[in-house]
Structure formats: C-alpha cells, structure tokens
Amino acid sequence: RKKLVQSKASVPTTSFDDIGGHERAKKELKEALDFLIHRDQISQYGIRPIKGILLSGPPGTGKTLMAKAAAHYTDSVFVSASGSEFVEMYVGVGAQRMRELFQEVRTLAKRNQKTSGIVFIDEIDAIGGHREGSQHREYDQTLNQLLTEMDGISTDQDIRILVIAATNRKDMLDPALLRPGRFDRQIEVDLPDKKARLHILRLHTQNKPLAEDVSLERLAVETFGFSGAQLESVTNEAAIYAMRENSPEITQRHLSAAVDKVMMGEKTDREATQ
Ligand code: ATP
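Rules of the game
- Residues numbered from 1 in each chain as written.
- Predicted model: local features only at pLDDT ≥ 70, side-chain atom pairs only at ≥ 80, totals over all residues.
- Heavy atoms only, no water.
- Helix = DSSP H or I, 4+ residues; strand = E, 2+ residues; numbered from the N terminus.
- Buried < 20%, exposed > 50% of the residue type's maximum accessible area, 1.4 Å probe, protein only.
- Contact = heavy atoms within 4.5 Å.
- Near = heavy atom within 4 Å.
- Polar contact = N/O pair within 3.5 Å; in protein donor to acceptor, adjacent residues only side chain to side chain.
- Areas by Shrake-Rupley, 256 points an atom, 1.4 Å probe, with all protein chains shown as cover.
- Expected span 1.5 Å × (residues − 1).
- Arc of directions from axis to C-beta.
- Axes fitted to C-alpha atoms, helices over the stretch in contact; angles between N-to-C directions.
- Parallel < 35°, antiparallel > 145°, perpendicular 65-115°, else oblique.
- Left-handed = near helix turned anticlockwise from the far one by under 90°.
- Nonpolar A, V, L, I, M, F, W, Y, C, P; charged D, E, K, R; others polar.
- Pairing = 2+ DSSP bridges.
- Salt bridge = Lys/Arg side-chain N within 4 Å of Asp/Glu carboxyl O.

Peer 1: What should I look at first to understand the side chain of Q145 in this one?
Peer 2: For Q145, the position within the fold is in helix α6 (residues 137-151). With relative accessibility at 13%, the residue Q145 sits in the buried group. Not counting residues up to four positions away in its chain, the partners in contact with Q145 are A95, M98 and R99.

Rendered as structure tokens:
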C-alpha cells in the first residue's frame, strides 16, 4: 500500500531566504507562524491558536516552498500529501489515510524531539471542492476527517500542529474549510512581478557559471507572466544548452533560447489540453 508521507527528513532545510519575491506573503506567513512559536503567550491571553493557513495562487509560484520554509522557520517536522491522492479511493480509505497523516506528524515530532509539526496538503480543492448531490461520498469523508483532525488540535497538547493547505482554485473551496478555527488565514501567493522575477533568477543562477554578457535584469523583463517554477526551468534549460555546446559559461543566447523553449512548452501543454 502506497505510503502517504513521502519525506522522512524531519525539518525541511528550505528557508524563506530561498524564496524569491513574495515579500508580503512571507511577512504575513511569518506573523501567523509567530503565534505557533509563542504558544505560551497566546494561551495566556486566551487567543485562539491558528490551526490552518491557506496558500492560494497559480501553479508553480512556490506554495510548497513556502510551506517548507514555514516548517524550517518554526523548527517543525513536516509531512505532506496532495489532495489528488485521496481521489478515487474506496469509501473510508481516504479518511483513514488522513488520520494516518496526522498520526505520522505526531510520531515524527516525538521521534525527533520537536514540539511542533506542519501538515501540508497540496491541491486541497481535490478534497475540499464544492460538491453537489451525494455522488462524492468519499470526498466528504476525507474532508470530514480533515476537519475532525483540525478541530482536535488544541493548545494544551505536547505537540503543536499546524495545517497548511495550497490551492489554485480558492473560489472552488467548500466554505466549511474557511470558517474560523479552520483555514481562517489566507495568504495569496501570486505570480512574481519584475523585481521578484529578478530575485528568483538570481537565486537559481547562484551556483551556475554565467557569462559576462548576461543581464538577469533584461531576462526579468522578458519573462513577464512566468511563474517561479518556469523561471527555474529557464535557468536549468539554459545550463543544458551551454553544456551541450561545451560552452564553459551560460550566455545570454542560451538564456533567451531557454525562455523560448519554456514559453513554447507551455503553449503545447495548453494546446494538448484544449
Ligand atoms: P503547484 O501549485 O504547481 O504545486 P507550487 O506553488 O507549490 O506549485 P513549488 O512546488 O513550490 O510551487 O515550486 C516549484 C519549483 O519552482 C520550486 O521547487 C522552485 O525551484 C521554483 N520556484 C517557484 N517559486 C519560486 C520562488 N518564489 N522562488 C524560488 N524558486 C521558486
């Protein structure tokens, strides 16, 4: 049987400094995470603990990175699952897996002597999307189990649990998920603007041999509309072009060709799905 938790590395090494742009989102997220760090203070004031944070935005903008950085920032163990994994399971199996995911985070925290854990659920819309009629009984059970697990999170447990979910279809979510005490913190993770694109390009070329002629500034202008994941692809493809030509350095020409390739790739993907 397929194991839900893919990563056994307890606390992720990704930090907020590894994420380009998203300055506002990072600030909002850190503010929410500070509640997790200062648990004693918040219970002293009788503040309700934050249980769920929803990251929403287009694909490839770094939502998974943000969740990992959140775990790093709070020294929390991290487990993850994708909502799509729960789809088309027999009734009861999805709910069981959801329960196991929360057990896993607690076990992992204990084993690593950590006091907090983050459960990351990507593509939450696959289990928490708007439903009509009763044909999706399995989704209901999985979603209900998630809500039960979240309702069970309390301040006086040894291990603090925070659930971070990601979606690129926030409008599709079941309102039950967005109620107070559930995913009541919502953070937008949008496509990067020019400054953020430059930041991301810098991060992903840090360890690559760039030629003198390369202007990442210009590249940031040319990649309007690209996501972080696409920018990462551009730097990687450019490196491949350079290597194929035995060029010791990556030149602006390699980068421009890579931009075209990534743009074309997107187009063919889109055509194929139309
Ligand atoms: P999806 O919604 O498709 O799951 P996502 O928003 O979770 O995507 P990630 O999986 O975090 O996106 O990003 C994919 C990859 O793209 C990252 O591993 C990283 O290499 C790169 N990337 C995306 N956004 C950024 C960013 N803001 N800064 C640096 N790298 C980024």
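Peer 1: So what exactly am I meant to see when it comes to the site of the ligand here?
Peer 2: Not every one of the 17 residues close to the ligand is listed here, only the nearest: G20, G60, K63, T64 and H204. In this structure, an oxygen atom belonging to the ligand sits 3.0 Å away from a main-chain N or O atom of G62. Contact between the ligand and L65: an oxygen atom at 3.1 Å from a main-chain N or O atom of the residue. A total of 630 Å² of accessible area belongs to the ligand in isolation, and the protein chains cover 78% of it. Elements supplying a minimum of two residues to the shell around the ligand: α3 (63-73), α7 (194-205) and α9 (228-244).

Peer 1: Would you take a moment to explain helix α1 (residues 23-37) for this structure?
Peer 2: The end-to-end C-alpha distance of α1, which contains 15 residues, comes to 20 Å, matching closely the 21 Å that a straight helix rising 1.5 Å per residue would cover. For α1, the full list of buried residues reads A25, K26, L29, A32, L33 and L36. Down the axis of α1, the buried set is contained in an arc of 135°. They therefore lie on one face.

Peer 1: Hey, could you run me through helix α4 (residues 93-111) in this one?
Peer 2: An α-helical turn contains 3.6 residues, so any two residues separated by three or four positions project in the same direction. Over its 19 residues, α4 runs 26 Å from end to end, which matches the ideal 27 Å to within 8%, given 1.5 Å per residue. Along α4, the residues classified as buried are G94, A95, R97, M98, L101, F102, E104, V105, L108 and A109. Taken from the residues just after α4, Q113 is the one with a positive phi, measuring 55°.

Peer 1: Mind showing me how you'd approach the packing of α1 against α3 here?
Peer 2: Each pair of packed helices gets described by two things: the angle between the helix axes and the distance between those axes. The N-to-C vectors of α1 and α3 enclose an angle of 40°; their axes lie 10 Å apart at closest approach. Between α1 and α3, the crossing angle belongs to the class labelled oblique. Two packed elements cross with a definite hand, and for α1 against α3 that hand is right-handed. Side by side, α1 and α3 meet where A25, K26, L29, K30, L33, D34 and I37 of the first sit next to M66, A70 and Y73 of the second. Split into classes, the residues belonging to the contact of α1 with α3 amount to 7 nonpolar, no polar and 3 charged.

Peer 1: Would you explain the pairing of strand β2 (residues 77-82) in this entry?
Peer 2: Side-chain direction in a regular strand flips from residue to residue, so the side chains alternate between the two faces of the sheet. Counted residue by residue, β2 has 6 buried out of 6 residues, so it is predominantly covered. Burial along β2 is two-sided: the face carrying V77, V79 and A81 and the face carrying F78, S80 and S82 are both buried. Direction of pairing for β2 relative to strand β3 (residues 116-122): parallel, over a ladder of 6 bridges. Pairing of S82 across the sheet is with D122, part of β3.

Peer 1: Quick question: what am I supposed to make of the pattern of salt bridges here?
Peer 2: Any two side chains of opposite charge can pair, given that their charged atoms come close. Counted under the stated rule, the structure contains 10 salt bridges. Two residues, K114 and D75, come together in a salt bridge whose shortest N-O distance is 3.3 Å. Here the residue K114 occupies a position in the loop between α4 and β3, and D75 occupies one in the loop between α3 and β2, the gap between them amounting to 39 residues. Relative accessible area serves as the criterion here: at 38%, D75 is assigned to the partly exposed category. The residue R169 makes a salt bridge to D125 at a minimum N-O spacing of 3.5 Å. Residue R169 is located in the loop between β4 (160-167) and β5 (185-188), and its partner D125 is located in helix α5 (residues 125-128); the two are separated by 44 residues in the primary sequence. Looking at R169, the relative accessible area reads 38%, which means it is partly exposed. Look at D125 and you get buried, because its relative accessible area is 10%.

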